[in-house]
Amino acid sequence: MISTERELHLMKVHVFNSEEERAAAVAEGLIGEDDLVITPESGPIDSEMSDTSTNPVENRAIKAYVDSAIAAAIASLN
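Residues numbered from 1 in each chain as written. Predicted model: local features only at pLDDT ≥ 70, side-chain atom pairs only at ≥ 80, totals over all residues. Heavy atoms only, no water.

Trainee: Explain the pattern of salt bridges here, please?
Mentor: Opposite charge on two side chains allows them to pair when their charged atoms are near. The tally for this structure, following the rule as stated, stands at 2 salt bridges. Residues R60 and E58 are paired through a salt bridge, measuring 2.8 Å at the closest nitrogen-oxygen approach. Look at R60 and you get exposed, because its relative accessible area is 63%. Salt-bridge contacts for K63 lead to D67; the nearest nitrogen and oxygen are separated by 2.5 Å. (Salt bridge = Lys/Arg side-chain N within 4 Å of Asp/Glu carboxyl O. Buried < 20%, exposed > 50% of the residue type's maximum accessible area, 1.4 Å probe, protein only.)

Trainee: Explain the side chain of D46 to me, please; I cannot follow it from the model alone.
Mentor: Examined against the element boundaries, D46 turns out to sit in the loop between β2 (36–38) and α2 (59–77). For the buried D46, no salt bridge exists, and the shortest N-O distance to an oppositely charged side chain is 12 Å, to R60. (Helix = DSSP H or I, 4+ residues; strand = E, 2+ residues; numbered from the N terminus. Lys, Arg positive; Asp, Glu negative; His and termini not counted.)

Rendered as structure tokens:
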């Protein structure tokens, strides 16, 4: 597996219940080249951000993390 850095605000995350749903979305052109795709075949999905896990993370965990970081940055400006 090759690890690459991507800017989170540019990445779309797609979560599918099956490989068939993912394939249908690909066929319809709904998934971009840089998008993160998660299917049951991707393995476990974490519900919290982690420095050590290599599992995908739920959208709501990423959103909460980003919202918290933005709020902290805004608070530090005031």
